[in-house]
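# Fold and contact review
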Amino acid sequence: MKLLSLSTTILLVFFQKHTVGKPFQGIKENSDIGERDLHHDDVVYRKRIQRSAMRCSGKCYWPRSPDGLVSIPVEISTVFSMEQRLVIVEAMQEFVTLTCIRFINHTTEHDYINIITGNTCWSYFGKIGGRQHLGLAKYGCIYKGLIQHELNHALGFLHEHARSDRDKYVKINWEYVVAGEWGNFEKVNSTNLDLPYDYDSVMHYGLYDFSNTAGKPTIVPIPNASVPIGQRVGLSNLDVKKINKLYSCNACSTVLHKPSGSFSSENYPQSYPNNIICLWLIRIPEEKVFLNFHVFDLQSSPNCSSDYVRIYDGISRNAHVLIDRFCGIGQLPAVMASGSTMLVEFVSDEDTTATGFRASYTHVKCGGTFINTSGAVTSPEFPGRYPPNQACRWIISAPAGSRIFLRTAFFELEDIFGCRYDRLILRDGGQNHSPLVGIFCGKMKIPSFISSGNFLRIEFYADFAFEFSGFRLDYSIS
């Protein structure tokens, strides 16, 4: 069984393999799906399922293996470009990371999802048996949230605004719905899995979907009409919980999607549970994720082989590791992702006596985490002038027992008494309250420095005026 991977090499091998002997897979593949077969705009039901029932009775769910995983074979049409296929695989990766769903390469399996091109985005409802098409328009549907929306239909989920209790949470403005599209807003007889209504679900319609009048919403949250609905950025926290509950996944997963927030290990400040693997996917709207640990107390073991925290620069365990197996008592250093996503993994064994951790995250414009044995930290756009309104943070992370040597190759910022405007701040450690090495501006000489531990924090701030050439700081780890 081979999992679909974000690795470009694996994708190339996989798609080249499935190109040989395969017919052209294009719009003709869904010629048997007409507008009359689509319900709620993008859902196709098996003929034996009545539209009013909307319950699977277990037969339209994908089977769970004895190992607790739900393996779903997938074939992706070679009509999609390599870039489009990468987006499709990335959309699948969030399911694989946060649930027990495993999308695998289709080989000889009888039941599988066949992702094809089409005129619109659509999917069958649940598992239908045999080759099961899922349609994605090449130009209009190749976005992570839209792909996840259709995959959720294939898993057996309907639109959030169609659930049986929706009238408590949204109001449908029928007078603004395009004639002939009222069926897209009909309620269904759903179980709802005893989980809350989710305005943030990737399965929820937006305010103006199928509106017949510009600026007039068809669906409005109640009692607070300003609540955002209709996002297609990625799976929401409740989307993940619904999948894990429906498929009885033994998964401890949380999605954190706000620009900033906090989280902690289970039961904190009491002892965390034994034998758990928990994941937090931080996915902010823009900029870069910056993570701070305020309290850190994990059972210590050689090489952190028992309980540990590991941090990835992306949405999956295939991503680059920023912090590998950290444990003990103290404070994990601040960590920065290269983009807007970060995955935090927490593992405990059968013998737990520690209280766990408490952390918070926010967003910053620039910065990064350095783990290579040597490198350079530079101001934005160096050697050109740095832009105005900057707030950058870098963390240099060395292996335990190592030290960091830092020297200045170039330095020129705005010169003002007290460095009140543009400034560089060095701290001997990874936290915002680690010992201060110094605050520098103008053409001040920054002395060469050796850290007392295995972390070093660098901050750079620039105001709205007077940009200069910036800086380059070279480091090495020994």
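Residues numbered from 1 in each chain as written. Predicted model: local features only at pLDDT ≥ 70, side-chain atom pairs only at ≥ 80, totals over all residues. Heavy atoms only, no water.

## Concerning the nonpolar core
- Among the nonpolar cores identified, the biggest contains 46 residues, and I88, I101, F103, I115, L136, L155 and Y247 are the most heavily contacted of them.
- Elements supplying a minimum of two residues to this core: strand 3 (70-76), helix 2 (82-98), strand 4 (101-105), strand 5 (112-117), strand 7 (131-136), helix 3 (144-155), helix 4 (237-246) and strand 12 (277-283).
- The contact partners of I115, leaving out residues within four places of it in the chain, are V74, E75, I76, S77, F80, I88, M92, L134 and L136.
- If you look at the next biggest cluster of nonpolar residues, it comprises 32 residues, including W280, A337, V344 and A359. (Core = buried A, V, L, I, M, F, W, Y, C linked by side-chain atoms within 4.5 Å. Buried < 20%, exposed > 50% of the residue type's maximum accessible area, 1.4 Å probe, protein only. Helix = DSSP H or I, 4+ residues; strand = E, 2+ residues; numbered from the N terminus. Contact = heavy atoms within 4.5 Å.)

## Focus on the state of the cysteines
- As enumerated under the stated definition, the model contains six disulfides in all.
- Shown here is the disulfide that connects C100 with C249, its sulfur atoms set 2.0 Å apart. Because the sign of the S-S torsion sets the handedness, a value of about -55° for the bond joining C100 and C249 places this disulfide among the left-handed ones. One end of the pair, C100, is in the loop between helix 2 and strand 4; the other, C249, is in the loop between helix 4 and strand 10 (252-256), with 149 residues separating them in the sequence. C249 carries the same exposure label as C100, and that label is buried.
- Residue pairing for C366: its cysteine sulfur links by disulfide to C392, the two sulfurs lying 1.6 Å apart. Between C366 and C392, the S-S torsion sits near -40°, and that sign places the bridge as left-handed. Placement of C366 in strand 20 (residues 366-370) and of C392 in strand 22 (residues 390-397) is noted, with a sequence separation of 26 residues between them. (Disulfide = S-S within 2.5 Å.)

## Thoughts on the sheet that holds strand 10
- In spatial order, the strands read 10-12-18-14-15; together these five strands make up an open sheet with mixed pairing. The outermost strands of the open sheet, each flanked by one partner alone, are strand 10 and strand 15 (320-326). Neighbouring strand axes in the sheet, compared pairwise and without regard to direction, differ in orientation by 15° on average.
- Note that strand 10 and strand 12 share five bridges and pair parallel. Its bridge partner being in strand 12, V255 is matched across the sheet by L281. (Pairing = 2+ DSSP bridges. Axes fitted to C-alpha atoms, helices over the stretch in contact; angles between N-to-C directions.)

## Regarding the pattern of salt bridges
- A full pass over the atoms with the stated rule returns 15 salt bridges.
- One salt bridge connects E345 with R310, and the closest N-O pair in it is separated by 3.4 Å. Of this pair, E345 sits in strand 18 (residues 341-347) while R310 sits in strand 14 (residues 308-313), and the two are 35 residues apart along the sequence.
- What makes R310 buried here is its relative accessible area of 14%.
- Here R317 and E345 are joined by a salt bridge, their closest N and O atoms 3.0 Å apart. You can see R317 sitting in the loop between strand 14 and strand 15 and its partner E345 sitting in strand 18, a full 28 residues away along the chain.
- Of the residues examined, R317 reaches a relative accessible area of 37% and is grouped as partly exposed. (Salt bridge = Lys/Arg side-chain N within 4 Å of Asp/Glu carboxyl O.)

## Observations regarding the side chain of N184
- Relative to the helices and strands, N184 resides in the loop between strand 8 (170-172) and strand 9 (219-221).
- Residue classification places N184 among the buried residues on the basis of a relative accessible area of 5%.

## Some points on the pairing of strand 5
- Burial within strand 5 is extensive, with six of its six residues counted as buried.
- Of the two faces of strand 5, both are covered, the one formed by Y112, N114 and I116 as well as the one formed by I113, I115 and T117.
- Inspection of the sheet shows strand 3 paired to strand 5 by three bridges, in the parallel sense. Directly across from V74, in strand 5, lies its bridge partner I113.
- Across six bridges, the pairing between strand 5 and strand 7 is parallel. Paired with I116 across the bridge in strand 7 is G135.

## A closer look at the pairing of strand 19 (residues 356-364)
- As paired strands, strand 11 (residues 261-264) and strand 19 are joined by four bridges and run antiparallel to one another. By the bridge assignment, G261 is partnered in strand 19 with Y361.
- The pairing of strand 13 (residues 288-298) with strand 19 spans nine bridges and is antiparallel. By the bridge assignment, V289 is partnered in strand 19 with H363.

## A few points about the sheet that holds strand 25 (residues 436-440)
- With respect to topology, five strands assemble into an open sheet ordered 20-22-27-24-25, the strand pairing being mixed. Of all the strands in the sheet, just strand 20 and strand 25 have a single pairing partner and so form its edges. The sheet shows a mean angle of 10° between the axes of neighbouring strands, direction not considered.
- Note: strand 24 (residues 423-427) against strand 27 (residues 455-462), five bridges, orientation antiparallel. Residue L424 lies in a different strand from strand 27, and its bridge partner there is F460.

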